[in-house]
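Here are the chains, one letter per residue:
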Amino acid sequence: MSIFKEIYKEIKKYDKIVIARHQRVDPDALASELALKQLILNTFPNKKVYAVGVGASKFRYMGQLDKLTDDMYKNSLLIVLDTPDKKRVDIDDLDKFEKTIKIDHHPFVEKFCDIEYIDEDASSTCEIILEFIYNTKFNLDIRSAELLFQGVVSDTNRFTTINTSSKTFDLIKRLIDETNIDFSSLYDNLYARPLSEIRLEGYIAQNLIVTENGLGYIKLTDDVIREFSVDSASPGNMINNFNYINEILVWAFVSEDKKNNIKRITIRSRGPKINDVASKHNGGGHERASGARVETFEEADILLKELDDLCKTYRSEKNEN
Ligand code: AMP
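Residues numbered from 1 in each chain as written. Predicted model: local features only at pLDDT ≥ 70, side-chain atom pairs only at ≥ 80, totals over all residues. Heavy atoms only, no water.

### Quick notes on the overall build of the chain
- Per the secondary structure count, the chain includes eleven helices and eleven strands.
- The globule rule puts the C-alpha radius of gyration for 321 residues at 20 Å, and the 20 Å found for the chain is close to it.
- Each of the 321 residues in the chain was classed as buried or not, and the buried ones make up 51%.
- Partitioning the intrachain contacts of the chain with sequence separation of at least 6 by distance along the chain shows that 62% fall at a separation of at least 24.
- Accessible surface for the chain amounts to roughly 15,600 Å². Of this, 46% is attributable to carbon and sulfur atoms.
- Taking the 45 positively charged and 54 negatively charged side chains of the chain as two groups, their mean positions are separated by 3 Å. (Helix = DSSP H or I, 4+ residues; strand = E, 2+ residues; numbered from the N terminus. Rg over C-alpha atoms; globule rule 2.2 N^0.38 Å. Buried < 20%, exposed > 50% of the residue type's maximum accessible area, 1.4 Å probe, protein only. Contact = heavy atoms within 4.5 Å. Areas by Shrake-Rupley, 256 points an atom, 1.4 Å probe, with all protein chains shown as cover. Lys, Arg positive; Asp, Glu negative; His and termini not counted. Charge placed at Lys NZ, Arg CZ, Asp CG, Glu CD.)

### Quick word on the site of the ligand
- Surveying the vicinity of the ligand reveals 13 residues, the closest of which are Arg88, His106, Thr266, Arg268 and Gly283.
- In this structure, an oxygen atom belonging to the ligand sits 2.9 Å away from a side-chain N or O atom of Arg88.
- At a separation of 3.3 Å, an oxygen atom of the ligand approaches a polar side-chain atom of His286.
- Bound to the protein, the ligand loses 78% of the 480 Å² it would expose on its own.
- Secondary structure elements with two or more residues in the shell around the ligand: β9 (262-269), β10 (284-285) and β11 (289-294).
- Broken down by element, the shell around the ligand gets its largest block of residues, four residues, from β11.
- Here the shell around the ligand is built from residues that sort into one nonpolar, nine polar and three charged. (Near = heavy atom within 4 Å. Polar contact = N/O pair within 3.5 Å; in protein donor to acceptor, adjacent residues only side chain to side chain. Nonpolar A, V, L, I, M, F, W, Y, C, P; charged D, E, K, R; others polar.)

### Considerations on the pattern of salt bridges
- Enumeration according to the criterion identifies 22 salt bridges in this entry.
- Between Lys96 and Asp93 there is a salt bridge, and its shortest N-O distance comes to 3.5 Å.
- On the basis of relative accessible area, Lys96 is assigned to the partly exposed category, the value being 48%.
- Owing to a relative accessible area of 42%, Asp93 belongs among the partly exposed residues under this scheme.
- The partner of Arg226 in a salt bridge is Asp222, and the shortest N-O contact between them spans 3.1 Å. Placement of both Arg226 and Asp222 in helix α8 (residues 222-227) is noted, with a separation of four residues, approximately one turn of the helix.
- Here Arg226 falls in the exposed class, since its relative accessible area comes to 59%.
- According to the relative accessible area criterion, Asp222 is buried, its value standing at 10%. (Salt bridge = Lys/Arg side-chain N within 4 Å of Asp/Glu carboxyl O.)

### Comments concerning the nonpolar core
- In this structure, Ile11, Ile17, Ile40, Ile79, Leu130 and Phe138 are the most contacted members of the largest nonpolar core, which totals 50 residues.
- The leading source of residues in this core is helix α2 (residues 27-43), at eight residues.
- In this structure Phe138 touches Tyr8, Ile11, Leu39, Ile40, Thr43, Phe44, Phe132 and Ile133, once residues within four positions along its chain are discounted.
- By size, the runner-up hydrophobic cluster in this structure holds 18 residues, among which are Leu249, Val250, Val277 and Ala292. (Core = buried A, V, L, I, M, F, W, Y, C linked by side-chain atoms within 4.5 Å.)

### A look at the packing of helix α4 (residues 142-155) against helix α5 (residues 166-179)
- The N-to-C vectors of α4 and α5 enclose an angle of 155°; their axes lie 11 Å apart at closest approach. What the angle tells us is that α4 and α5 run roughly antiparallel. Crossing hand, α4 versus α5: left-handed. For the pair α4 and α5, the contacting residues are Ile142, Ala145, Phe149 and Val152 in the first and Thr168, Ile172, Leu175, Ile176 and Thr179 in the second.
- Considering only residue class, the contact of α4 with α5 consists of seven nonpolar, two polar and no charged. (Axes fitted to C-alpha atoms, helices over the stretch in contact; angles between N-to-C directions. Parallel < 35°, antiparallel > 145°, perpendicular 65-115°, else oblique. Left-handed = near helix turned anticlockwise from the far one by under 90°.)

### Concerning the sheet that holds strand β4 (residues 99-104)
- One open sheet holds the five strands; their spatial order is β2-β1-β3-β4-β5, and the pairing between them is parallel. Two strands close off the open sheet at either side, each with one partner strand: β2 (48-51) and β5 (115-118). Within the sheet, the average angular offset between the axes of one strand and its neighbour, ignoring direction, is 15°.
- Here strand β1 (residues 16-21) pairs with β2 via four bridges, running parallel. Residue pairing across strands places Ile17 opposite Val49, the latter belonging to β2.
- On top of the sheet, α2 reaches β1, β2 and β3 (77-81); it is set at about 165° to β1, its chief contact.
- Against the sheet, helix α3 (residues 125-134) touches β3, β4 and β5, its axis set at about 110° to β4. (Pairing = 2+ DSSP bridges.)

### A look at the packing of α3 against α5
- Look at α3 against α5: their axes get within 10 Å of each other, and the N-to-C directions meet at 60°. Relative to α5, the element α3 lies oblique. Relative to α5, α3 is oriented so that their crossing is left-handed. Residue-level contacts link Glu127, Leu130, Glu131 and Tyr134 of α3 to Lys167, Thr168, Leu171, Ile172, Arg174, Leu175 and Glu178 of α5.
- Here the residues of the contact of α3 with α5 sort into five nonpolar, one polar and five charged.

Next comes the structure, spelled out in structure tokens:
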């Protein structure tokens, strides 16, 4: 039996299903959980299905989340999406569920569910959900189609990431052909942003330090973040806009989150594999898109030095070939 059929069978079996995903939600994680909830309800209207986790106001347009309550654990199935390790799941007490399933596209970190389906080659979790739909009996409604489109577009950075494949395009083509969604209108919600963020982006462009090895970085203190009236998560929203700069191979934004007494680091790469460095500093992610959290700017400097070394090695290896 294919893994999709096996997961479908478990979904069919349980009357109560909770869907969760990683902390600090992003469009792929949120779209995949909200779409999967709707897909299950389309096919099995009598089931109780909940999409849980902490939301974010800027993604409110995607839909409403459910509050996890004590009665949701008993005799129920938990499906964790888009999360490679237990500590990053945006709910506690995973072991209280009767059965657990993980569906993810991150590099494997640990096994923490009874059934796990990991496709590291998939561009996004929404891409896996699309494949799941077309290999089982789920009925795709327009709203779920829109969400899945937004999740794929967002996680592939508009079909530019290395995990974007002909399969991604095939699935998206089929999605558009079969549902006729007005996809061009869906970019507005994903990409419209306040002028304050654009001004911060200008500040980053002006002040980014670029090393001779091709590391671009900036350290944003709480004062600067406040001056631009944004929050510590905002620099992460614009990290992808610094791709395709000739002089830069790897780039990282360090931003101070004073309230939680941490420095968040968001990192992207056009070549070197960065997730091992991120993992060493309370983080992780994909080969070319990672994040980390450190306690001090000194530790951030250590991480930046490691990234700079990666750039140096990568460039010298390229020159040798
Ligand atoms: P971001 O920079 O937040 O867009 O994250 C890029 C990738 O790194 C995503 O796959 C995240 O799930 C992962 N990531 C970001 N921050 C962390 C962290 N603190 N721990 C583990 N993975 C992370």
